[in-house]
Structures are given as structure tokens and as C-alpha cells.
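Here's the letter readout for the chains.
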Amino acid sequence: MQLDAPTLQRQYTTNDYLEAADRSLLFVTSRPPVVMASGRGMRLTDTEGKEYLDFVGGWAATCLGHSPEAVRKALAAQSPLLVNASPSFLNKPMVELADLLARVSGLERVFLASTGAEANEGAIKLARKYGALRLNGAYEIVTTLKGFHGRTLTTMSATGKEQWKSLFEPKTPGFVHVPWNDFEALEGAVGERTCAVMLEPIQGEGGVNVPAPGYLERVREFCTKRGILLIFDEIQTGIGRTGKLFCFQHAGVRPDILTLAKGLGGGFPISAMLAREEFNIFDAGDQGGTYCGQPLGAAVALSVLREVIDRDLSSAADSMGRFLVSGLGRLVSSCGVRDIRGMGLLVAFGLPAPLGDETVDACRNLGLLVNSPQPATLRLMPPLIVGKQEIDEAVQILERALLHVLKRV
Ligand SMILES: *Cc1c(COP(=O)(O)O)cnc(C)c1O
């Protein structure tokens, strides 16, 4: 088909975008009728010029805010040098990123990929490889209900989301789900066929569920005793989000395998699967991909990670998280908000009624972006660079939106 110049150089209006989206994007989710055009720091701007204070933070990915200098500079410096060398060669950013990740995490071996789900697939394969080699072919992985591990078919199988149970059957077998934060249930589910336990140290999509003190420590001790692997999915909690560079540092336990994504790229698609030295057991060809260790992504992640460490944004997340939680405390009496929970800048709270979607819409109309992972839950995960003034502004908008939605005005 020949495309004429007007089609190729078409200037879209906001309505054109919305119509073309309706017509040409495969439906996977409902989206509000706005089109984002640019972003800087804590704010996004749509094609109508309306600004939004962003407390979704690219789904916890844009840890340095929108289009931060660290990402722009790394792209500008690396893209003229080398965009892709093929995964069969080493490249400079790949090795430097692996070296830094290994040093700061204490897990010696690093595999780089592009998305969180892909990192988790790698973790699951590594655990099964270990089961095949050292545990008499054990292949089962115990995961938690309400956990979230991604949207490939296997990571959907690992995910403990009730609504996904009957989707896309048959899924990958070999996952056993136990209630979250219930050590006895987990202990009871581990048997001869188990090769690993996989969980998020704080459940993110499940509604920001923080485990009771001692839970992660007991799970760690138990996995060591049984000789099975402990996998922590820190795709959401990692890279400073919870007030330490890695969430596992709060509990003082180290997993055998760790997965990272989201904040690692500051909005750029890159992920990592880290493993302790003794699990460096893949044979050539077991694992890989066209973009695994791709230099452009690795250069961005290296720059983002250095910035998070240099500016100690983990500590900033801790103190700003406390400030946010205390601000939200004001909404308990005015709006009936309850169960404010979280760590660092991964925060959620309960609404007095299942009005999450309505509240998200009302906030957006007032210029604030928030997320509702469950009908009666709101979640806030702003960039780690958020300041007190922006937190005050967000809490004020939240209060107005909630009062409006709850019809108390
Ligand atoms: C987002 C997320 C994933 C999936 O990451 P993608 O990059 O979307 O594939 C997996 N696990 C957790 C805990 C997440 O928050």
C-alpha cells in the first residue's frame, strides 16, 4: 500500500488520537480519554496542555521522575557509540552494570533482560534447573496468593491472582499457592517435589501487603534448612522504593535469586535476575534473548542506579514515605480512609467503599495521578525525587477528590 504524504505527515488533534486509538490499538485495558505528550520531574502533560502531578510514577518505574537527566545523558552518550552488539558479545555497559549490581546486592551473578516478567521467567527456569540437577527433578515452586509475577503464561501461572485462575488454560503446571504471610501454610506446601519458594517481600499489585515481622526471616531459614531456593521478586520493591536499596535489607535476609525491573531503568525497559554464585548452573543455550545485556538499556540502568545510590534516594524514599503516611493520616477523619500501609514510597490505603476507579478519575480531573489496584484500595508510588510540597499538594487533591466521590460535599 502506498501512503500519501498527508497520511505520513498527519498532525493529530487530541480527538484524532483518541479515535485512532479506538480503531487501531488492540484492546487490553480501558484507558481514560487523555493522551500524554511530555513529562518532566514529578509532572506529566497531556496533548491539551493539562498538567498532572504523578503519584503512579510509571507504575513505580520512573524512580527519578520523568525524562530525568540520568536517562537523557546515558541515552545521548551511549546511542552514538553502540545501540546493539548482539547478545553473543560482551559490551561495556553490560559488564559495568552487572558488576555494580553484584556489588550492591551481594548476589554474585547477574542476567540482564528487558522486562520484569522475563527476569522472573529466568528465575523460574534457574530454580527448575537446580531441581533437575540437585533435587531429584523437583520442579514445584511455592508462591503466594495475591502475589504478582508478570503476564507471560508462566509468570501468570506463578501469580496468585484469583481472577487469573481460569484464564488461558492450560497454564504452566508446577506452581502451588499459599496464603500470604502464613508461614505454617508455606511450610506445609513444601514437599519432595519443591525446588523453590518465590515471593515479593512486600506484595505490590496485591495491594501493598507488608508481612508481619519475622515472616521473611522464617521463610529464609526454612528454605536453607530444606535446601530449596528462595526467590525474591523485587521488581516493584527494589531500587530504593521501600527505603532501602533492596527491600530484603529491612529483614536482614538475602534471597538465593533476586529479580529487578521497573525502577532499575528509571522508565526504560530493562530487568535483571541475580543469583548467588552456587546457582551459576545454566548450560550454554539454556537462557538468553536478543536484547539480554543490550548496551543502550544497560547504560541507562547503570546511570539510574548510580544516581539512586549517589543521591541516597533510598533514604529520601524512607523520609518522604513517612511524610506521605502522616499526611494521609489527616484523611482518616475527614474521608474515612483506613489501613494506611506500606514502606518508603510504596504506600496504599483502604477506602470506606469500593470507589477506587471513581476516585482515580476524580483525582485525574483535579490534576493528580493515583492508582487503584483493588476496588477499595488506592496505591501511591511517586518517583523517589518527590518533595514535601508535592506530597502536601497530592494529599489536598486526594481529600477533595474523596469528598467529592463520597458525596460529602
Ligand atoms: C510489575 C511487576 C512484574 C512484571 O514486570 P513487567 O516489566 O511488567 O513484566 C513482576 N513482578 C512484580 C512484583 C511487579 O510489580
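So, here's what we can say about the structure. All of these numbers come straight from a predicted model, not from anything done at the bench.

How each quantity is defined
- Residues numbered from 1 in each chain as written.
- Predicted model: local features only at pLDDT ≥ 70, side-chain atom pairs only at ≥ 80, totals over all residues.
- Heavy atoms only, no water.
- Near = heavy atom within 4 Å.
- Polar contact = N/O pair within 3.5 Å; in protein donor to acceptor, adjacent residues only side chain to side chain.
- Areas by Shrake-Rupley, 256 points an atom, 1.4 Å probe, with all protein chains shown as cover.
- Helix = DSSP H or I, 4+ residues; strand = E, 2+ residues; numbered from the N terminus.
- Nonpolar A, V, L, I, M, F, W, Y, C, P; charged D, E, K, R; others polar.
- Axes fitted to C-alpha atoms, helices over the stretch in contact; angles between N-to-C directions.
- Parallel < 35°, antiparallel > 145°, perpendicular 65-115°, else oblique.
- Left-handed = near helix turned anticlockwise from the far one by under 90°.
- Contact = heavy atoms within 4.5 Å.
- Patch = residues over 30% accessible without salt bridge, like charges linked within 9 Å, V, L, I, M, F, W, Y side chains within 5 Å.
- Salt bridge = Lys/Arg side-chain N within 4 Å of Asp/Glu carboxyl O.

Concerning the site of the ligand
Part 1 of the reasoning: Contacts to the ligand come from Thr115, Gly116, Ala117, Asn120, Phe148, His149, Gly150, Glu200, Asp233, Ile235, Gln236 and Lys262.
Part 2 of the reasoning: At 2.8 Å from an oxygen atom of the ligand is found a main-chain nitrogen or oxygen belonging to glycine 116.
Part 3 of the reasoning: The contact in question runs from a nitrogen atom of the ligand to an N or O atom on the backbone of phenylalanine 148, over 3.2 Å.
Part 4 of the reasoning: When isolated, the ligand has an accessible area of 380 Å², and the protein chains bury 82% of it.
Part 5 of the reasoning: Take the shell around the ligand: its biggest share by element is 3 residues, from helix 6 (residues 116-134).
Part 6 of the reasoning: Looking at the shell around the ligand residue by residue, the class counts come to 3 nonpolar, 6 polar and 3 charged.

Brief notes about the packing of helix 12 (residues 313-335) against helix 14 (residues 388-405)
Part 1 of the reasoning: Between helix 12 and helix 14, the least distance of the axes is 10 Å, while the angle of their chain directions is 25 degrees. Compared by their axis directions, helix 12 and helix 14 come out roughly parallel. Along this stretch, helix 12 crosses helix 14, giving a crossing that reads as right-handed. The segment helix 12 lies against helix 14, with Met320, Phe323, Leu324, Gly327, Leu328, Arg330, Leu331, Ser334 and Cys335 engaging Lys388, Ile391, Asp392, Val395, Leu398, Glu399, Leu402 and Leu403.

Digging into a nonpolar patch on the surface
Part 1 of the reasoning: Residues Leu153, Leu167 and Phe168 make up a contiguous nonpolar surface patch of about 270 Å² in total accessible area.
Part 2 of the reasoning: Checked against the element boundaries, leucine 167 lands in the loop between helix 7 (153-158) and strand 6 (175-178).

All we've got here are geometric facts, nothing functional implied.
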